[in-house]
Amino acid sequence: MANFKDIIGQQQVKNHLQSAIKQNNISHAYILCGEKGSGKRTVSDAIAQTIQCENRNDGMDACEICKSCMQAKSHNHPDIKYITHEKASISVDDIREQLNNDISIKPYSSDYKIYIIPDSNKMTEQAQNALLKTIEEPPAYAIIILITDNISGLLPTIQSRCVTLNLKPLSNNEIAGYLTTHLKLEPERAQIAAGFCQGNMGKAIRFASSADFQEMKQEILSLLKSIDTMEITEITSAIRNFSKNNINDYLDLMLLWYRDVLMFKVTKDTNLLLYQGEYKTISKQASTRGYEDIEKIIKAIDKAKTRLDANVNFEIVMELLVLALKD
């Protein structure tokens, strides 16, 4: 279970929720929307624990030591319910059995009864319609929190009856600061992870502490440091080898490299580089390429990612990318 102080960034969302709790103006239904790893579960846990806390400080944070907080931390609080599902979708029976049939029973030990629905966009239309009836006329003590990374998967009628809070990407400095402070990563590694994960703290934590990420980074550096002397067939072979894993991750790392090349060409400031340990190679590539050439490569990598997402033939996408890299 988490507390508001555990949420990195998202100050606007935190201010809204803490103010609502302090003023006892809590909505009966919330939608927490953001990509996977953006902190939605941390926020929902903070809402639940703080609302149920017996000694909360003006709604700012849960005390973490009262009986309610200890129950919340152990996921054993009788008035905080998580809706689970065994199949790919959340069925109407899941909603009826775990929420609709339970919500009429008053809270066991608190003023509120809180229901959290992870992956709420996975609810079938029947399940959403069953939930809608409850959201339209909820008991005064009920709070329903829907977590989703795809709000379009929720019916407009559900959305219109909830307060929607969008979790925004974090800044690179917020992520890197957390990684260096809490995970004790060296600054360069933290900065690369932060840049790579594009504002997603969960993804940054996962990759920064992953041996696979370090191996992937070394593979892409091996290619990019030698790319000017390699033949097209060698580059194509290397990129094909990347496809055995998640090719988009490799493309993201490649993108960061060429942004460094462009940054150095513009500023000549090594302190602004993510790959600071490779500044000699970056400096050399910046000096041998024009601004338009570097921008063309960056656009080609972005285009490759877009084409792959659109299921364009992999071989064609890679062929066009390699030609751009060597043009």
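Not measured: the values here are computed from a predicted model. (Residues numbered from 1 in each chain as written. Predicted model: local features only at pLDDT ≥ 70, side-chain atom pairs only at ≥ 80, totals over all residues. Heavy atoms only, no water.)

Trainee: I'm lost on the nonpolar core in this one. Help?
Mentor: Counting 56 residues, the largest nonpolar core has Ile239, Leu253, Tyr258, Leu321 and Leu325 as its most contacted members. When residues of this core are assigned to their parent elements, the largest contribution, 12 residues, is made by helix 12 (residues 247-267). Setting aside chain neighbours within four positions, we find Leu253 in contact with Ile192, Phe196, Phe213, Met216, Lys217, Ile220 and Tyr275. (Core = buried A, V, L, I, M, F, W, Y, C linked by side-chain atoms within 4.5 Å. Buried < 20%, exposed > 50% of the residue type's maximum accessible area, 1.4 Å probe, protein only. Helix = DSSP H or I, 4+ residues; strand = E, 2+ residues; numbered from the N terminus. Contact = heavy atoms within 4.5 Å.)

Trainee: Sorry, what's going on with the state of the cysteines here?
Mentor: On inspection of all chains with the given rule, the structure shows zero disulfides. The thiol of Cys53 is not disulfide-bonded; the next cysteine sulfur, from Cys63, is found 3.6 Å away. Cysteine Cys66 remains unbridged, with the sulfur of Cys69 as its closest cysteine sulfur at 3.6 Å. (Disulfide = S-S within 2.5 Å.)

Trainee: I would appreciate a short explanation of the sheet that holds strand 4 (residues 142-148) in the present structure.
Mentor: Strand pairing in a sheet relies on backbone hydrogen bonds, with the paired strands running either antiparallel or parallel. Across the sheet, which stays open at both edges, the five strands sit in the order 2-3-4-1-5 with parallel pairing between neighbours. Edge positions in the sheet fall to strand 2 (80-82) and strand 5 (163-166), since each of these pairs with one other strand and no more. Between one strand and the next, the sheet's axes are offset by a mean angle of 20°, whatever the strand orientation. In this sheet, strand 4 lies alongside strand 3 (residues 113-117) in parallel orientation, the contact comprising five bridges. Across the sheet, the residue bridging to Tyr115 is Ile144, located in strand 4. Across the sheet, helix 1 (residues 11-22) lies against strand 1 (29-33) and strand 5, angled at about 145° from strand 5, the strand it touches most. Most of the contacts of helix 5 (residues 125-136) go to strand 4, to which it runs at about 140°, and overall it touches strand 1, strand 3 and strand 4. (Pairing = 2+ DSSP bridges. Axes fitted to C-alpha atoms, helices over the stretch in contact; angles between N-to-C directions.)

Trainee: I'm lost on the layout of surface pockets in this one. Help?
Mentor: Empty space among the atoms becomes visible once a probe the size of a water molecule is rolled across them. Considered as a void within the structure, the largest pocket measures approximately 550 Å³ in volume. Along its surface, the largest pocket is lined by 23 residues, and Gly37, Ser38, Gly39, Lys40 and Arg41 are the ones closest to its centre. For the lining of the largest pocket, the secondary structure elements donating two or more residues are helix 2 (40-52), strand 4 and helix 9 (201-208). When residues in the lining of the largest pocket are grouped by element, the largest group, four residues, is from helix 2. In terms of residue class, the lining of the largest pocket is made up of 10 nonpolar, seven polar and six charged. Together, Glu35, Lys36, Phe196, Cys197, Gln198, Asn200, Lys203, Arg206, Asn248, Asp252 and Lys305 line the second largest pocket. (1 Å grid on protein atoms, 1.4 Å probe; cavity = no way out; pocket = protein on both sides within 12 Å on 5 of 7 lines; lining within 4 Å. Points joined across faces, edges and corners; volume = space filled by probe spheres on them. Nonpolar A, V, L, I, M, F, W, Y, C, P; charged D, E, K, R; others polar.)

Trainee: Explanation requested: a nonpolar patch on the surface in the structure shown.
Mentor: Taken together, the side chains of Ile232, Val312, Ile316, Leu320 and Leu323 make up a nonpolar region of the molecular surface, amounting to roughly 390 Å² of accessible area. Relative to the helices and strands, Ile232 resides in helix 11 (residues 232-242). (Patch = residues over 30% accessible without salt bridge, like charges linked within 9 Å, V, L, I, M, F, W, Y side chains within 5 Å. Areas by Shrake-Rupley, 256 points an atom, 1.4 Å probe, with all protein chains shown as cover. Salt bridge = Lys/Arg side-chain N within 4 Å of Asp/Glu carboxyl O.)

Trainee: Quick question: what am I supposed to make of the packing of helix 1 against helix 2 here?
Mentor: The description of two packed helices rests on the angle between their axes and on the distance between the axes. It is the contact of helix 1 with helix 2, at a shortest axis distance of 11 Å, that shows an interaxial angle of 20°. Considering the angle they form, helix 1 stands roughly parallel to helix 2. Considering how the two elements wind past one another, helix 1 and helix 2 form a crossing that is right-handed. Taken together, the residues of helix 2 that come into contact with helix 1 (itself represented by Val13, Leu17 and Ile21) are Val43, Ile47, Thr50 and Ile51. Along the lines of polarity and charge, the residues of the contact of helix 1 with helix 2 split into six nonpolar, one polar and no charged. (Parallel < 35°, antiparallel > 145°, perpendicular 65-115°, else oblique. Left-handed = near helix turned anticlockwise from the far one by under 90°.)

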